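Observations on the three-dimensional arrangement
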Amino acid sequence: MKKKEWYLEYEIQKNRPGLLGDISSLLGMLSINIVTINGVDEGRRGLLILVKDDDQIIRLESILRTMDTIKLIKLREPKLRDRLAVRHGRYIQRDADDKKTFRFVRDDLGVLVDFMAELFKKDGHKLIGIRGMPRVGKTESIVAASVCANKRWLFVSSTLLKQTIRNQLIEDEYDANNLFIFDGIVSTKRGNERHQQLMREIMCLPAIKVIEHPDIFVKNTEYTLDDFDYIIELRNDAEEEITYDLVENNHLFSGSDFGDFDF
């Protein structure tokens with residue numbers, strides 16, 4: 001029988017020498033292999049474990065719940081957040097009310113790139129929005145994640161180096177394995193009808209689409225935030241507010257100066 005990974009997370013109730021050894025010994029007695037272990041929060045440890053059958057998990061859970069030195073938090077098939085928590089030693093922040101919104105700060109760029117790369121590796125349609133103020137690292141993170149995921153990326157609209165607005169693609173660029181990047185401000189404020197038609201064509205492809213400034217994008221198109229599978233927020237620090245006042249007041253769209261802004 002093929003072995004299957006599970007995620008185990010526990011909170012330390014009585015921290016004493018040898019506690020981790022006791023857990024490791026318990027897993028060994030149950031013939032459960034440890035793949036990865038790391039601290040994932042203050043006083044918590046997360047483990048990726050490998051089991052041969054579900055009976056091992058049932059026995060493990062039963063024993064863990066009798067231990068007074070730890071409190072069992074999670075025992076489940078690993079989700080992406082679980083894998084990243086063990087890999088990086090902490091959980092990605094998730095909006096309490098909107099479960100598809102994930103928050104990062106600039107110091108988390110490595111974790112963000114890893115997170116997006118895992119999303120990019122999945123096949124089929126996926127619509128991802130990323131919010132953030134100018135020069136916080138949005139576009140660079142998308143490109144870096146594309147490289148990690150071994151995906152070819154295409155800027156349909158962008159301000160990374162200069163303003164880019166594409167009105168057509170060549171034949172091989174319609175490949176569903178490509179990753180399409182839009183700047184929601186450029187596409188909706190500067191894109192002509194040919195660009196809008198191209199955007200609709202790409203949105204119908206079973207491919208990954210990443211849209212910077214999704215709020216501006218949905219405000220000026222027929223799409224809604226409900227159409228997005230993931231929303232990522234990137235800030236310089238946890239207290240920063242993401243606003244679009246300059247855009248709403250049209251202060252960013254004055255001739256060639258627009259290209260100087262890396263949104």
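Since the model is a prediction, treat every value here as computed from it, not as a measurement.

Before going further, it helps to examine the nonpolar core. Formed by 26 residues in total, the largest nonpolar core has its most connected members in Phe104, Phe115, Phe120, Ile128, Ile142, Val210 and Ile232. Breaking this core down by element, the ones donating at least two residues are helix H3 (80-88), strand S6 (101-105), helix H4 (109-120), strand S7 (126-132), helix H5 (138-148), strand S11 (179-183), strand S12 (208-212) and strand S13 (230-235). Here the element with the most residues in this core is H4; it accounts for eight residues. Dropping the residues within four chain positions of it, Phe104 is found in contact with Ile92, Val111, Leu112, Phe115, Ile232, Glu233, Leu234 and Arg235.

Moving on, we get to the sheet that holds strand S5 (residues 93-94). Ordered in space as S5-S6-S13-S7-S12-S11-S8, the seven strands form an open sheet in which the pairing is mixed. The two strands at the open ends of the sheet, each matched to only one other strand, are S5 and strand S8 (153-155). Here S5 runs beside S6; their pairing, made up of two bridges, is antiparallel. If you follow Gln93 over to S6, its bridge partner there is Arg103.

Basis of the calculations
Residues numbered from 1 in each chain as written. Predicted model: local features only at pLDDT ≥ 70, side-chain atom pairs only at ≥ 80, totals over all residues. Heavy atoms only, no water. Core = buried A, V, L, I, M, F, W, Y, C linked by side-chain atoms within 4.5 Å. Buried < 20%, exposed > 50% of the residue type's maximum accessible area, 1.4 Å probe, protein only. Helix = DSSP H or I, 4+ residues; strand = E, 2+ residues; numbered from the N terminus. Contact = heavy atoms within 4.5 Å. Pairing = 2+ DSSP bridges.

Worth remembering: the numbers are spatial, not functional.
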